[in-house]
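Chain residues, written in single-letter form:
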Amino acid sequence: MNQKNLFLFAQDTNFLTALELAVRFGKTLIVQEVDGVEPVLYPLLRKDLVAQGPRYAVQIGEKMIDYNEEFRLFLSTRNPNPFLPPDASSIVTEVNFTTTGSGLRGQLLALTIQHEKPDLEEQKTKLLQQEEDKKIQLAKLEESLLEALATSQGNILENKDLIESLNQTKASSALIQESLAESHRLQSFLDKERDAYLPLAESASKMYFIISDLSKINNMYRFSLAAFLRLFQRALQSEQDSSNTEERIKSLIGSLKHTIYEYVCRCLFKADQLMFALHFVRGMHPELFQENEWETFTGVIIGDTIRKSDSQRSVRDQIPSWIEQDRAWAVASLKISLPGLYQTLCFEDEGLWHTFSQSSVCEQDFPSTIVKRISIFQQVLVVQAVRPDRLQSAMALFAAKVTWLDLHLQYL
C-alpha cells in the first residue's frame, strides 16, 4: 500500500475492499462517477467512530475497521446538478468545479490586466498582502491588550506600565486603521482601472459559452477552456498597443471575434458552419432580435400559431396573390407570429415587391422604403417566408453585416 491516492468507480466490484484498505492505512480515496451517496459511506461521513483503547474503529458494512486519521474521501460526478438527499447534504461538502460566467469573467480580466497593465496587477497584489498584514497586526494588538488587562493586578488606574501599554496600543491601532483606510482608497482606484477592461472579459466569456453550446448539436464539437484561453492570449498579443483604452478594447474584441470564429469554423462540418455563424451572432448581439423573432425563425412557435388560426378560411385568401402558393402557409405564419412586422412590410403593394420577387439576389434587392423600417434580421425572416431559395445567402449576409466577418464567408 505505497500508493497515496486510490481511484475507483462506485460500480467496481472491489469497492468495499478498496474502501476498507483506504480507511485502515490512511489513504486518499477518490470515487468517480457517483450517482449518490452509498449507505455504506454514511458512518465515515458522520465519523461514527468507536474508541477501542488507544485507537478508533468505524463500521463498514458488517466489519469494524481501524480508522486512520489521515484517511480522506472524495466523491466526484460529471453531473452538473447532482442530487443530494437532506441527510447527506448536511455531512458532505459540495464543490462545483464547472466553469461559471462570473468565474471565467474574473479569470479573463486577470489575464487581460497581466498583459495590458502588469504594474496594476502587481500593485493590487501588494495592496492585498499589506492589508492582510495590517489586519493580523491589529488582531495581535487586540489580543495583547486583552491579555494585559486579564493579567493585571491591583488598581488598573495606578498601573503605569499598563496605562502606557494601552496608550501605545491605541496609537498603533489608530495608525493601522489609517493605513487600512488608505489601502481601501487605493484599491478602489485600482479596481476602477481594472474595470475599464471588463467589457473585453464579458465579451470573451460570452464567446466561450457560445462555442460550448455546440456540443448540443454534435458531440464532437467540444472545445476545452485551456484551448479558449490560448486563443484569448493570442488575440491579446496580436493587437498593437493604443493610447486610448476604449479603442484598444474595441480592437481586442474584434480581433478575438475573428480568431474564435476562424478557429471554430475549421473544426466544424461545412453544413454546420452557417448555423454557428447565426448562433454566434445571437449570443453576442441579442439586442438585434426582438420578441418572438428568433423563435419564429427556428420554428418554435410557428406550429402553435398556425393551429390557432381560423381554420374555416383559406390560408391562400389571407395573403397577397403575387406570393407563390407553396409559400402561403409560411407567410401566414409570419403574419400571425409577428403582426407588427407583417403590417410594416406592406405585402399588398405588389408593385413595391415586384423587383424583390423576381430578383436572383433578392436578399440585396429589398424595397428601399422597407429597408429603412425593418431590421437586418427581419430581412432574413422575410426571405425565409417568401424566397427560401435565397435563405442561406441571406443568413450569410446577415452574419457578415453584424460581425464584420466578410473575410471569413468562404467558410459558409
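Chains are numbered independently. Their residues run from 1 in the order of the written sequence. Totals for whole chains, interfaces and linings use all residues, but because this is a predicted model, local features are given only for residues with pLDDT of at least 70 and pairs of side-chain atoms are given and counted only at 80 or more. As a convention, hydrogens and water are excluded, and side-chain values are obtained from all of the structure's heavy atoms.

The protein chain has the name Dynein cytoplasmic 2 heavy chain 1 in an unreviewed UniProt entry, where Otus sunia is given as its organism.

Once that is clear, we can look at the sheet that holds strand β2 (residues 28-32). Here, strands pair whenever DSSP counts at least two bridges between them. Strands here are runs of E lasting at least two residues and helices are runs of H or I lasting at least four, both read from the DSSP assignment and numbered beginning at the N terminus. Strand order in this open sheet of three strands is β1-β2-β6, and the pairing throughout is parallel. The open sheet is flanked by β1 (5-9) and β6 (72-75), the only strands paired with a single partner. Between one strand and the next, the sheet's axes are offset by a mean angle of 15°, whatever the strand orientation. When β1 meets β2, the two strands line up parallel, connected through five bridges. Each bridged residue has a counterpart across the sheet, and for L6 the counterpart in β2 is L29. Against the sheet, helix α1 (residues 15-25) contacts β1 and β2, and its axis sits at roughly 160° relative to β1. Between the N-to-C directions of two axes lies an angle of 0 to 180 degrees, each axis being a line fitted to C-alpha atoms and, for a helix, fitted only over the stretch in contact. Note on contacts: a residue pair is in contact if any heavy atoms of the two residues lie within 4.5 Å.

Membership of the largest hydrophobic core comes to 75 residues, with the highest contact counts inside it found for I260, F276, F297, L345, F347 and W353. With eight residues, the single largest contributor to this core is helix α9 (residues 245-265). The term nonpolar core refers to a set of buried residues drawn from Ala, Val, Leu, Ile, Met, Phe, Trp, Tyr and Cys, joined through side-chain atoms within 4.5 Å. Each residue gets one of three labels from its accessible area relative to the maximum for its type: buried under 20%, exposed over 50%, partly exposed in between, using a 1.4 Å probe on protein chains only. Counting residues in hydrophobic clusters, the runner-up holds 22 residues, among them A18, V23, L41 and F71.

For the rest of this paragraph, the subject is the side chain of Q379. Secondary-structure assignment places Q379 in helix α17 (residues 376-386). Those residues within four positions of Q379 in sequence are excluded, and the remaining contacts are E363, F366, V371, I374 and K401.

Glancing now at the sheet that holds strand β5 (residues 63-66). Think of a sheet as strands paired side by side through backbone hydrogen bonds, with each pair either parallel or antiparallel. Taken in spatial order, the three strands of this open sheet run β3-β4-β5, and their pairing is antiparallel. Strands with a single pairing partner mark the edges of an open sheet, and in this sheet they are β3 (50-52) and β5. Strand after strand, the sheet turns through a mean of 40° between neighbouring axes, direction not considered. One ladder, built from four bridges, connects strand β4 (residues 55-60) with β5; its direction is antiparallel.

Quick look at the packing of helix α8 (residues 225-238) against α9 now. Where α8 meets α9, the closest approach of the two axes is 9 Å, and the angle between their N-to-C directions is 135°. When the axis of α8 is compared with that of α9, the two are oblique. With respect to the hand of their crossing, α8 and α9 are arranged in right-handed fashion. Packed against α8, whose contacting residues are A227, F228, L231, F232, A235, L236 and S238, the element α9 presents R248, L252, S255, L256, T259, I260 and Y263 at the interface. Here is the rule for angles: anything less than 35 degrees is roughly parallel, anything more than 145 is roughly antiparallel, 65 through 115 is roughly perpendicular, and the remaining ranges are oblique. Note on convention: near helix rotated counterclockwise from far helix by under a right angle means a left-handed crossing. Clockwise means right-handed.

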